Amino acid sequence: MARTPDFNQFGEELWEVANVFRDDALHATERLETFSLFLFLKLWDEIELEYEEATGKKLPDGKALVPQIYRFSNWSADPDGYAKQHDFEDSVDFCRQMFADLATLESTQPSAHDVRRLFRDTQFRLRYTTTIRTLVSQLSELNIREVMSRGFGEGERFDIFGRAYEYLLQQFGQNKEFAQYFTPRHVVEYMVKIIDPQIGDTIYDPACGTGGFIVRAFEWVRDQINRKRISTADKEKMLRRLKEKQLFGVEHVPLVFKLALMNMILHRDGSSQLQNDDSLSNKAQDIHKAKYDVILANPPFGPTKQERMAQFEYHIKLYEALFIQHMMNALKPGGRAAVVLKEGLFFDSKKMLRRICRKLVEQFELLGVISLPNGVFNPYSGAKTSIAIFRRPLGRDDVRTSKVWFYRVESDGRDLGATRRPLPDFATDGDLQDMESLWPYTWRHLKDGGVKAVLKSDKLKDFESKKSWWAKIKDIRKADYNLTAGRYCPHQAEAVEHEKPEVLINRLMELEDEIKTDLQDLLTLVTVPTSVEGLKGSVRFQTASVE
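Residues numbered from 1 in each chain as written. Predicted model: local features only at pLDDT ≥ 70, side-chain atom pairs only at ≥ 80, totals over all residues. Heavy atoms only, no water.

A. Geometry of the overall build of the chain. A count of helical and extended segments in the chain gives 21 helices and eleven strands. Per-residue burial for the chain yields a buried fraction of 53% across its 547 residues. Considering only intrachain contacts with a sequence separation of at least 6, the fraction spanning at least 24 residues in the chain is 72%. For the chain, the accessible surface area stands at approximately 26,400 Å², while carbon and sulfur atoms represent 50% of it. (Helix = DSSP H or I, 4+ residues; strand = E, 2+ residues; numbered from the N terminus. Buried < 20%, exposed > 50% of the residue type's maximum accessible area, 1.4 Å probe, protein only. Contact = heavy atoms within 4.5 Å. Areas by Shrake-Rupley, 256 points an atom, 1.4 Å probe, with all protein chains shown as cover.)

Structure follows, in structure tokens:
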């Protein structure tokens, strides 16, 4: 009898099924990619079965997203027998050809382009028919159609699959696979709430990882469309525009890009504007310039792995320094952003970092800095991070930073060690709920585009607490644009909380990487050859032509 997982258990069910691949000796990254593709085939088959029962007819291969020969329900009951009936050696041979054919899929379905991108460049690595039999058997036992038929709204039905899939990604992250590409959903949630994307906004994540910000922004705006009192046809048009024209994400790592693509497909959302590219390239600085109303991101931080000489005003080989410049460049006038950044950017004495912070304060409207505790991004990193919320002015006469609101999050409702276990304040996400309730601003949308940040109250003290306070622009200038919350805290008499040993070790390891990079640069400078022989080829001379 088929099992019917509930909303909370579904992710765990998928995690158990994904572990089937351990017997095939696949690496964790390969397991996740392969399982994601099989899960897609199962889910899409359920969607088409539901359509066929409702209409009483089957779509021909030219219009169906997945050809009949590869429909999951047609072959999953007896993979090897089905493969031999269709002249394949076994189920491994059949599935290998299925993956290859879907990579070149021809279909009139709008999603066909995304399916091709999903299967393109995928190496089918399964070797054993027993693995395939076990996998499809367990997937078949997941009664997805029953879950879909419950009393949820159209969007909520697919949230089950999207959220379950994000749980799966998080599980891989806890095993130190993909953790650096996954932002915890509760952190994403509060950042989206503060930025409040609206219908018509263009939304961008230049380092989208597995797609958490783009997915949540899509859900946020989709729900606004569904609440509108307009015709179903008008809602469909607005949703189509949201999917196809207003969500943009870039991910540099090919496999992680595919995971983001899968995440979007499982949320029944337009993934056509996700790109497998490099946001820090020269080309990207031009393509994305002044293009977006909203930016939500948690870019990588630490030393870059390669030299990048794109059009950055302040060049320094740190991801966080290059990404924040890219995002400032990508915002439209009147656009707004919420970005997770390594806290070192806010106080490090390096000249380039101080100049970046100065630009953020003097040329933008920096509204708030939310200090997160060490360990929020474990197991990937124990680094101290903060969320910067800022707005790009509409023009020369528009407001710049006059004061900055700081909030110090001491708990996000989870243990800050490697396991990130829920704590007693898990139901309120620790201090994050309080932070959101005290957030001082609302957004006033202007007729000609862009927003203004408007205080919810004229009394600044309404937004102050033991964990939140204001810093005036004159004090920030005196502090050389130091943007750490503790620098302006009026409650300094409180006892100092010492960091845990594992947090300190993480920070020392990151510092070691930075020192190693700096020493390599220094070594390059001091090892210039001094002999004539050593200088051969290192200096180019231009021979003047004789007229």
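B. Broad picture of the nonpolar core. In this structure, Phe 35, Phe 38, Phe 40, Trp 75, Met 98 and Phe 119 are the most contacted members of the largest nonpolar core, which totals 97 residues. The element contributing the most residues to this core is helix H2 (residues 28–55), with ten residues. Formed by 48 residues, the second largest nonpolar core is a distinct cluster that contains Ile 316, Ala 330, Leu 331 and Val 361. (Core = buried A, V, L, I, M, F, W, Y, C linked by side-chain atoms within 4.5 Å.)

C. Summary view of the environment of Asn 298. Note that Asn 298 resides in the loop between strand E4 (292–297) and helix H15 (319–330). Measuring from C-alpha to C-alpha, the distance between Asn 298 and Asp 205 comes to 8.3 Å, with 93 residues separating the pair along the chain. If we skip the residues at most four places from it in the chain, Asn 298 touches Thr 183, Ala 207, Phe 213, Val 340 and Phe 377.

D. Spatial organisation of the sheet that holds strand E7 (residues 385–391). Here nine strands make up an open sheet; going across it, the order is E3-E2-E1-E4-E5-E7-E6-E8-E11 and the pairing mixed. On the outer flanks of this sheet lie strand E3 (274–276) and strand E11 (468–472), each paired with one strand and no other. Going across the sheet, the axis of each strand differs from the next one's by a mean of 15 degrees, ignoring polarity. Strand direction decides the pairing type here: strand E6 (residues 365–371) and strand E8 (residues 403–408), joined by four bridges, are parallel. Bridge pairing in E8 places Ser 371 opposite Arg 408. Relative to the sheet, helix H11 (residues 212–227) contacts strand E1 (203–205), strand E2 (247–251) and E4, its axis offset from that of E1 by approximately 165 degrees. (Pairing = 2+ DSSP bridges. Axes fitted to C-alpha atoms, helices over the stretch in contact; angles between N-to-C directions.)

E. Examining the side chain of Ser 281 more closely. Tracing the backbone shows Ser 281 in the loop between E3 and helix H14 (282–287). Within the structure, Ser 281 has its side chain in polar contact with the backbone oxygen of Asp 278 (distance 3.1 Å). Engagement of the side chain of Ser 281 in a polar contact is seen with the backbone nitrogen of Ala 284, the distance being 3.1 Å. (Polar contact = N/O pair within 3.5 Å; in protein donor to acceptor, adjacent residues only side chain to side chain.)

F. Summary view of the pattern of salt bridges. Per the stated rule, a full pass over the model turns up 24 salt bridges. For Glu 464, the salt bridge is made with Lys 461, and the minimal N-O distance between the two is 3.8 Å. By relative accessible area, Glu 464 is classed as partly exposed at 32%. Salt bridges sharing partners connect three or more residues here, namely Asp 45, Glu 48, Glu 52 and Arg 71. (Salt bridge = Lys/Arg side-chain N within 4 Å of Asp/Glu carboxyl O.)

G. Just H11, in detail. Taking 1.5 Å of rise per residue, the 16 residues of H11 would be expected to cover 22 Å, and the 23 Å separating its terminal C-alpha atoms lies within 8% of that figure. In terms of burial, H11 is a largely internal element, 13 of the 16 residues being buried. (Expected span 1.5 Å × (residues − 1).)

H. Here's a closer look at helix H12 (residues 232–245). Here H12 spans 20 Å end to end across 14 residues, near enough to the 20 Å set by a 1.5 Å rise per residue. Listed in full, the buried residues belonging to H12 are Lys 235, Leu 239 and Leu 242. Take H12 and look down its axis: the buried residues cluster within an arc of 55 degrees, on one side only. Set apart from the buried face of H12 by more than 90 degrees, the exposed residues are Lys 237 and Arg 241. Buried residues belonging to H12 abut H11 and E2. (Arc of directions from axis to C-beta.)

I. Spotlight on the pairing of strand E10 (residues 451–455). Relative to E10, strand E9 (residues 441–445) is paired through five bridges, and the arrangement is antiparallel. Bridge pairing in E10 places Trp 443 opposite Ala 453.

J. Unusual backbone geometry, seen in detail. If you check the backbone angles, Asp 121 has positive phi at about 60 degrees while not being a glycine. Considering the arrangement of structural elements, one finds Asp 121 in the loop between helix H6 (112–119) and helix H7 (129–141). Judged by relative accessible area, Asp 121 falls into the exposed class, the value being 72%. One non-glycine residue, Asp 429, lies in positive phi territory at about 55 degrees. Locating Asp 429 in the fold gives a position in the loop between E8 and helix H18 (432–438). For Asp 429, a relative accessible area of 12% corresponds to the buried category.

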